[in-house]
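# Structural features, examined
Chain by chain, the residues:
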Amino acid sequence: MNEYLTLGKFSFGMGDRFGHQGRAQLAACVKATQLGAEFIPVWNKSNREHTFIGTEPASLRTEADAAVQALGWKKPYHVDADHIRLETVDRFIAPSDFFTIDVADSISKPAAAADVKAFVDRHPELIGKVSIPHIDRPFDISCAEVERVANKFLLAVQDAGKIYRHIAKAKGAGNFITEVSMDETDSPQTPPELLVILAALADEKIPLQTIAPKFTGRFNKGVDYVGDVKQFEQEFNDDLAVIAFAIGKYGLPPTLKLSVHSGSDKFSIYEPMRKALKKFDAGVHIKTAGTTWLEELIGLAEAGGDGLEIAKEIYAYAIEHVDEFCAPYASVIDIDKTKLPAASVVNGWSSRQFTDALRHDLKNPAFNPSFRQLLHVSFKVAAKLGSRYLDALKKHEAVIAKNVTENLFERHMKPLLIGTPRNP
Ligand SMILES: [Zn+2]
């Protein structure tokens, strides 16, 4: 089947843990589109998030539909079953039309020797000098190297095929967008590895529209990129060249593009990304999630009164459980505990002091990345507060929505597509 649901050139993945910010998030897409920078909204939520919060995947569809209705959004929009696997996908199938198939757990587990041999035999074009337009020096890939990469990734690709076919059987091929993610693993995939992976995904006949590799550098939760920006830029450019090449070579969908699982707020790589996308006339999918939950906290704190009290209460609980909360995220946060203010100190803060510490404004000397990262991983505290938290979201909706929209539009969408004016 050649017809399938396609994803727009630029798309923006938004997570909304508590399901109240759909309209405010969509308002950011509306603003960007009015400026000629069209971002197709995609609401994403992983099985883990649903489990922590106690929600069902259908609730995300309800939220997306309601936001689209309320704002009169006429362009496409999608609901992403984020980081699903065969064991978790079933309850996502009906309400989702975008599936992020996570096969990171199968990386480095060997595929059957016969399958690896068959793959290498099928792809003589990957061996030797491989010239790719816009990459200065051709890749020089030995047969042993193709075998090594196949041994590392073929099982993961076969898993992706199994999960894809499972979804296609239940939902009908063509009725959804397929992403394959390999980002939640230890080492980044190099551009030559990406080429081999794409050849293997094409063999599985997956109509792949986005692929999320792990990039070089650290993608800590809710804070800026940590790593060599120049190296990232090179890798990102080479990945775009590899994708353009693989589309032609292996008949992958022409809409295939990179998906950047940003962990939110990777401001310093937005400018190199924007330049590269322009150079290649390529699209991109940006996935964010926790940045909106932090804007909820900022909005509550800014509202003052009982809003500020709840924000302080969440921090006080979080700092008491810092080790417990941080443990599952060890590879994606870098918290300096000496920089975490005591609860007694924060309890004396004004709205301004709380929002200055939390809001991701790199120019503000009071911004505290450790404070921000701890709160990023502490959304379970808000979930525990239950209706008290949700009632506060409703009561302070206006100030929260303003922060949610402004954050996505000003700090993410604008630098990605429009660029930021140089500082005088
Ligand atoms: Zn991811």
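Our subject is the structure that appears above.
About the cut-offs
Residues numbered from 1 in each chain as written. Predicted model: local features only at pLDDT ≥ 70, side-chain atom pairs only at ≥ 80, totals over all residues. Heavy atoms only, no water. Phe/Tyr/Trp six-rings, centres within 6.5 Å; stacked < 30°, edge-to-face > 60°. Helix = DSSP H or I, 4+ residues; strand = E, 2+ residues; numbered from the N terminus. Buried < 20%, exposed > 50% of the residue type's maximum accessible area, 1.4 Å probe, protein only. Lys NZ or Arg CZ within 6 Å of the ring centre and 35° of its normal. Donors = N, O, S within 2.8 Å, 3.2 Å for Na, K, Ca; no water. Salt bridge = Lys/Arg side-chain N within 4 Å of Asp/Glu carboxyl O. Contact = heavy atoms within 4.5 Å. Core = buried A, V, L, I, M, F, W, Y, C linked by side-chain atoms within 4.5 Å. Expected span 1.5 Å × (residues − 1). Bend = angle between axes of the 7 residues up to and from the residue.

### Digging into the packing of aromatic side chains
- One pass over the structure, following the stated rule, counts 22 aromatic pairs.
- Look at Phe10 and Phe39: their rings are 6.2 Å apart centre to centre, the planes differ by 70°, and that puts the pair in the edge-to-face class. Highlighted residues: Phe10 in strand S1 (residues 10-14) and Phe39 in the loop between helix H1 (22-34) and strand S2 (40-46), separated in sequence by 29 residues.
- Owing to a relative accessible area of 16%, Phe10 belongs among the buried residues under this scheme.
- Given a relative accessible area of 1%, Phe39 falls into the buried group.
- Lying over the aromatic face of Phe52, Lys380 brings its terminal NZ or CZ to 4.4 Å of the ring centre.

### Regarding the coordination of the zinc ion
- On the protein side, the zinc ion has His83 (NE2), Asp183 (OD) and His261 (ND1) as donor atoms, found 2.0 to 2.2 Å from it.
- The sequence pattern describing where the donors of the zinc ion fall on their chain is H-x99-D-x77-H. Here Asp183, found in the loop between strand S7 (177-181) and helix H6 (191-203), pairs with His261, found in strand S9 (residues 257-261); they are 78 residues apart in sequence, far enough to count as distant.
- Exposure remark for Asp183: the relative accessible area of 14% places this residue in the buried category.
- What makes His261 buried here is its relative accessible area of 13%.

### What about the pattern of salt bridges?
- Inspection of every chain in the model, using the stated rule, returns 32 salt bridges.
- The closest approach of N and O atoms between Lys117 and Asp121, which form a salt bridge, is 2.8 Å. Of this pair, Lys117 and Asp121 both sit in helix H4 (residues 113-122), separated by four residues, roughly a single helical turn. By the burial criterion, Lys117 is exposed, and Asp121 matches it.
- As a salt-bridge pair, Asp323 and Lys337 come within 2.7 Å of each other at their nearest N and O atoms. Within this pair, whereas Asp323 is found in helix H11 (residues 322-326), its partner Lys337 is found in the loop between H11 and helix H12 (343-346), the two being separated by 14 residues in sequence.

### Some details on the environment of Lys152
- Topologically, Lys152 is positioned in helix H5 (residues 143-171).
- The spacing of Lys152 and Ser108 is 44 residues in sequence and 4.2 Å in space, taken between C-alpha atoms.
- Non-local contacts of Lys152, meaning those with residues more than four positions away in its chain, are made with Ser106, Ile107, Ser108, Lys109, Ser187 and Glu193.

### Topic: the environment of Val223
- Residue position: Val223 is located in the loop between strand S8 (208-212) and helix H7 (229-250).
- C-alpha of Val223 to C-alpha of His360: the two residues are 137 residues apart in sequence and 7.4 Å apart in space.
- With residues up to four places along the chain from it excluded, the contact list for Val223 reads Ser264, Asp265, Lys266, His360, Pro369, Arg372 and Gln373.

### Structural notes on the nonpolar core
- Of all hydrophobic cores here, the largest spans 94 residues; its most connected members are Phe119, Leu195, Leu198, Leu201, Ile211, Phe236 and Met273.
- The residues contacting Leu195, other than those within four sequence positions of it, are Leu126, Val130, Ile132, Phe139, Val242, Phe245, Ala246 and Tyr250.

### Some thoughts on H5
- In a regular helix each residue adds 1.5 Å, so 29 residues correspond to 42 Å; H5 covers 39 Å between its end C-alpha atoms and thus fits that length.
- Remark: the principal bend of H5, roughly 45°, maps to Phe153.
- Two residues or fewer after H5 comes Gly172, characterised by a positive phi angle close to 95°.

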